[in-house]
Amino acid sequence: MDREIKAGMKVRHFKGYVSEIIAVAIHTETEEKFVIYRHIDEETVYARPLSMFNSLVDKEKYPNVVQKYRFEIIG
């Protein structure tokens, strides 16, 4: 389920906010990949493991969400 995530992409979280990908980073000790991103309307920068970033929406917890992924690529 590894979708290609790149710097500059815009994504929409299943709760509605839009973010821009700043980078995909690699943890220096574990080599785990992280997505570095920020909400379009904020200055705060966030990091999330790529595996979580690419995860499917939990339909049991959020049955009314129509998005397939936690973050959908929109541009």
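Residues numbered from 1 in each chain as written. Predicted model: local features only at pLDDT ≥ 70, side-chain atom pairs only at ≥ 80, totals over all residues. Heavy atoms only, no water.

Chemist: I'd like to hear about the side chain of Arg48, residue by residue, with values.
Modeler: Within the fold, Arg48 resides in strand β4 (residues 45-49). Glu32 provides the closest opposite charge to the buried, salt-bridge-free Arg48, at an N-O distance of 11 Å. A distance of 3.2 Å separates polar atoms of two side chains, one belonging to Arg48 and the other to Tyr37. Setting aside its immediate chain neighbours within four residues, Arg48 contacts Tyr17, Phe34, Val35, Tyr37, Phe53, Arg70 and Phe71. (Helix = DSSP H or I, 4+ residues; strand = E, 2+ residues; numbered from the N terminus. Buried < 20%, exposed > 50% of the residue type's maximum accessible area, 1.4 Å probe, protein only. Lys, Arg positive; Asp, Glu negative; His and termini not counted. Salt bridge = Lys/Arg side-chain N within 4 Å of Asp/Glu carboxyl O. Polar contact = N/O pair within 3.5 Å; in protein donor to acceptor, adjacent residues only side chain to side chain. Contact = heavy atoms within 4.5 Å.)

Chemist: Kindly report on unusual backbone geometry, identifying the contributing residues and their values.
Modeler: One non-glycine residue, Glu31, adopts positive backbone phi at about 65 degrees. As for its position among the elements, Glu31 is in the loop between β2 (18-26) and β3 (33-39). Judged by relative accessible area, which is 62%, Glu31 ranks as exposed.

Chemist: Give a detailed account of the pairing of β3, specifying residues and quantitative values.
Modeler: Bridge count between β2 and β3: 7 bridges; the pairing is antiparallel. Within the sheet, the bridge partner assigned to Ser19 lies in β3 and is His39. Connecting β2 to the antiparallel partner β3 that follows it, the hairpin turn spans 6 residues, and Glu31 within it adopts a positive phi of roughly 65 degrees. Sheet analysis places β3 next to β4, joined by 5 bridges and oriented antiparallel. (Pairing = 2+ DSSP bridges.)

Chemist: Talk me through the packing of aromatic side chains; I want residue IDs and the actual numbers.
Modeler: A full pass over the atoms with the stated rule returns 5 aromatic pairs. Ring centres of Tyr37 and Phe53 lie 5.7 Å apart, and the angle between their planes is 65 degrees; on these two criteria the pair is classed as edge-to-face. Linking Tyr37 in strand β3 with Phe53 in helix α1 (residues 50-53), this pair joins segments that are 16 residues apart in sequence. Of the two residues, Tyr37 and Phe53, neither departs from the other in class, the shared state being buried. Through a chain of ring-to-ring contacts, the aromatic side chains of Tyr37, Tyr46, Phe53 and Phe71 assemble into a single cluster. (Phe/Tyr/Trp six-rings, centres within 6.5 Å; stacked < 30°, edge-to-face > 60°.)

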